[in-house]
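Per-entry structural report
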Amino acid sequence: MPADSRPIPTSELSLLERALFREALDAILLMDDDARFIDANPAGCELFGYEREELVRLSAWDVLPPEGQDEGRQAWSDLIARGQHSGEYKLRRKDGAIRIVECRAVAHIVPGVHLSVLRDITSRKQAERALHKNERRVRKILGRGWEGILLSDADRTIRYASPSIERISGRTPAQIVGRPIGEQLHPDDRETHERLFEELLAMPHVPVTFEFRIRHEDGTWRWLEAERTNLLHDPDVRAIVSNFRDITARKVAEQTLRQQAQVLEQVSESIISTDMDGIIRTWNKGAERLLGYTAEEAIGRHTSFLYAAEDQHVPQRDVIQPLKDKGTHEAEVWAQCKSGERRRFHLSLTLLRDDGGAPTGMVGYAFDVTDRFQTELALRESERQLRELTGRLQSLREEERRRIAREIHDDLGQSLTALKMNLAWLSGRMRTWANEQVARRIQDMSTLIDATLGSVRRIASELRPGILDELGLNAAIDWQVKEVERLTDLKTEFWSSVDDADLDLRECSTPLFRICQEALTNVVRHAKATRVGVSLTDDPDGHLVLEIRDDGVGMSAGRSDSLGLVSMKERAIGCGGRLEILTEPGQGTLVRARIPVRAPTHSDAV
């Protein structure tokens with residue numbers, strides 16, 4: 001034993017472990033860092049044919065045949081680096097015999113000591129080789145993956161038919177044996193069959209594969225694929241062996257696929273399929289027409305080549321990943337044609353799956369929506385300009401209302417007041433000369449002037465309530481709500497948590513007041529309500545929220561686009577907000593306007 005070789009001290013192994021080491025049927029070897037044997041159990045000594053004292057003078061390299069040295073050293077390096085290793089190796093016994101072993105090794109069971117467990121599988125390997133040899137013989141007759149077998153003579157007479165022939169042809173083996181091969185062939189396949197049979201007789205041991213049709217007992221034609229080999233001179237067989245299988249379903253599927261491919265080629269829209277990484281698999285004529293690339297130019301490339309440099313993030317982020325997450329996905333993207341033109345496409349995407357449900361690829365249906373997109377952009381721009389114009393007209397109309405209201409109130413009101421004062425002076429003078437008829441006329445005129453003054457004040461208020469400009473939005477809405485209660489049988493309520501001074505309401509006070517006014521008018525005219533409540537609040541998102549809720553009959557679907565409702569929506573949109581109308585038949589209606597507002601700046605306050 002070398003000076004630095006040693007058995008593992010008993011203190012490092014328990015009695016049970018030592019017993020297992022001695023009695024194990026598998027060879028157990030302990031080696032140092034240089035792959036030298038430190039110890040071996042009896043099974044290990046028997047495997048190598050050495051006494052223990054002889055074996056511990058050797059290393060692993062001494063028992064490996066020359067052709068296994070490189071593989072063994074690589075395995076040893078893997079064991080030291082990774083801590084464990086397994087594999088199959090050839091070993092050379094003391095008597096020179098080669099044995100095949102299955103090895104499992106663990107490094108550093110204690111510092112500097114490594115364990116290998118070997119199992120002799122030589123007999124099993126020899127049995128496997130014998131089995132494979134026998135299988136090769138059987139395959140000469142059976143073929144691989146075939147459903148049926150026919151054995152025939154050189155004169156084409158069938159001598160054997162496998163039981164599966166009945167399932168394929170509808171005839172039992174007894175009905176076929178003794179009959180000439182090819183008797184049930186399709187007329188169009190007979191000439192090819194005869195030519196191939198003659199070639200087969202002239203070429204022993206050379207397999208010939210072909211496809212043909214036979215008539216089934218039920219009258220239908222079945223497609224078969226056959227591999228026929230001339231083994232007449234093989235002493236194990238002495239027959240022409242025909243291995244065959246039914247490929248009718250495959251033929252039907254191929255025909256269906258060809259028809260589908262023809263349909264896809266005629267579709268004007270782009271249909272593209274890819275693998276799970278976005279590599280293009282198929283590219284139809286529609287894709288060629290729309291994008292300019294031929295199938296040869298596109299197949300095998302990643303779909304990112306269809307995007308401009310600034311859009312390279314789009315395929316993964318907006319197309320592939322959402323599709324993987326959801327299974328189906330729709331998106332609109334800009335793609336770059338071969339000509340360099342950028343066009344907008346609508347994609348309808350589906351994840352392809354195998355029979356087990358695992359994703360295998362993606363298919364996308366795309367059509368060009370560039371013209372529609374540009375039309376929509378133009379329409380949105382037109383809508384924006386129209387809203388700006390509508391807002392401007394609303395502003396001008398409010399300004400004109402304010403001017404007319406002021407002139408009616410000031411000019412007409414002052415004139416009527418002057419007339420009333422003159423009538424009062426004239427009435428005083430009438431005391432000096434009594435004329436009952438004239439006095440009654442003067443009184444009627446005074447009453448008419450009072451009524452006219454009331455109408456002037458009402459018309460001026462309806463055109464532009466002065467209270468909105470003088471006291472603010474809260475006061476104006478409160479006045480309007482009370483006016484509704486005064487003029488109708490409705491019970492009204494107004495509640496506000498908003499202080500006009502806390503928010504900049506200059507831009508939105510008039511639209512909100514008009515929305516409230518229009519909503520209350522609708523309640524009076526159509527709702528058949530008994531109560532109506534108005535609230536004005538601000539939410540945490542910086543919006544002013546106006547709500548008008550009634551307990552009436554609700555709103556029918558046909559009234560949702562009435563001129564008054566459209567006007568309210570446009571007023572809300574003009575302020576950057578939105579209008580919601582929630583209604584149920586018999587459950588009343590809620591009109592809610594949400595408009596963004598801001599706190600007044602120091603300059604606003606000044």
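First things first, this report covers the structure right here in the doc. (Residues numbered from 1 in each chain as written. Predicted model: local features only at pLDDT ≥ 70, side-chain atom pairs only at ≥ 80, totals over all residues. Heavy atoms only, no water.)

**Digging into the pattern of salt bridges**
Quick note on the threshold: For this analysis, a salt bridge means a side-chain nitrogen from Lys or Arg found within 4 Å of a carboxyl oxygen belonging to Asp or Glu. Strands are runs of DSSP state E lasting at least 2 residues, helices are runs of H or I lasting at least 4, and numbering of each runs from the N terminus. Note on exposure labels: buried denotes an accessible area under 20% of the residue type's maximum, exposed denotes more than 50%, and partly exposed covers the range between, all computed with a 1.4 Å probe on protein chains only.
Summed over the entire model, instances satisfying the criterion amount to 38 salt bridges. Of the charged contacts in the structure, one is a salt bridge between glutamate 194 and arginine 156, with a shortest N-O distance of 3.2 Å. Placement of the pair is glutamate 194 in helix α9 (residues 190-202) and arginine 156 in the loop between β6 (148-152) and β7 (158-161), with a sequence separation of 38 residues. Taking relative accessible area as the criterion, glutamate 194 reaches 36% and is therefore assigned partly exposed. For arginine 156, a relative accessible area of 18% translates into the label buried. Arginine 342 is the partner of aspartate 311 in a salt bridge, and the nearest nitrogen-oxygen pair spans 2.8 Å. On the criterion of sequence distance, the pair formed by aspartate 311 in the loop between α12 (295-298) and α13 (314-326) and arginine 342 in strand β14 (residues 342-353) is long-range, its members being 31 residues apart. By relative accessible area, arginine 342 is classed as partly exposed at 33%. If you follow the salt bridges from partner to partner, you end up with Glu211, Glu225, Arg245, Arg250 and Lys251 in one network.

**Observations concerning the sheet that holds strand β10 (residues 239-246)**
What links the strands of a sheet is backbone hydrogen bonding, and the strands pair in either a parallel or an antiparallel sense. Short version of the rule: A pair of strands counts as paired when DSSP detects no fewer than two bridges linking them. To get an axis, fit a line to the C-alpha atoms, keeping to the stretch in contact for a helix; angles then go from 0 to 180 degrees between the N-to-C directions.
Spatially, 5 strands are ordered β7-β6-β10-β9-β8 in an open sheet, and the strand pairing comes out antiparallel. Single-partner strands in this sheet number two, and they are β7 and β8 (208-215). For this sheet the average axis-to-axis angle between neighbouring strands, irrespective of direction, equals 30 degrees. In the sheet, β6 pairs with β7 via 3 bridges, with the strands oriented antiparallel.

**Concerning the environment of valine 481**
Worth spelling out the cut-off: We call two residues in contact whenever any of their non-hydrogen atoms come within 4.5 Å of each other.
Looking at where valine 481 falls in the secondary structure, it is placed in helix α17 (residues 473-487). Remark: the alpha-carbon pair of valine 481 and threonine 492, spanning 11 residues in sequence, is separated by 6.5 Å. Those residues within four positions of valine 481 in sequence are excluded, and the remaining contacts are Thr492, Glu493, Phe494, Leu520 and Val534.

**Things to note about the sheet that holds strand β5 (residues 113-120)**
Across the sheet, which stays open at both edges, the 5 strands sit in the order β2-β1-β5-β4-β3 with antiparallel pairing between neighbours. Taken across any chain shown, the strands that pair with only one partner, and hence form the sheet edges, are β2 (37-40) and β3 (84-92). Here the average twist between neighbouring strands, direction ignored, is 30 degrees. One ladder, built from 7 bridges, connects strand β4 (residues 98-110) with β5; its direction is antiparallel. Along β5, the bridge assignment pairs cysteine 103 with leucine 118. Where helix α5 (residues 69-82) meets the sheet, its contacts fall on β1 (27-31), β3, β4 and β5, and the angle it forms with β3 comes to roughly 155 degrees.

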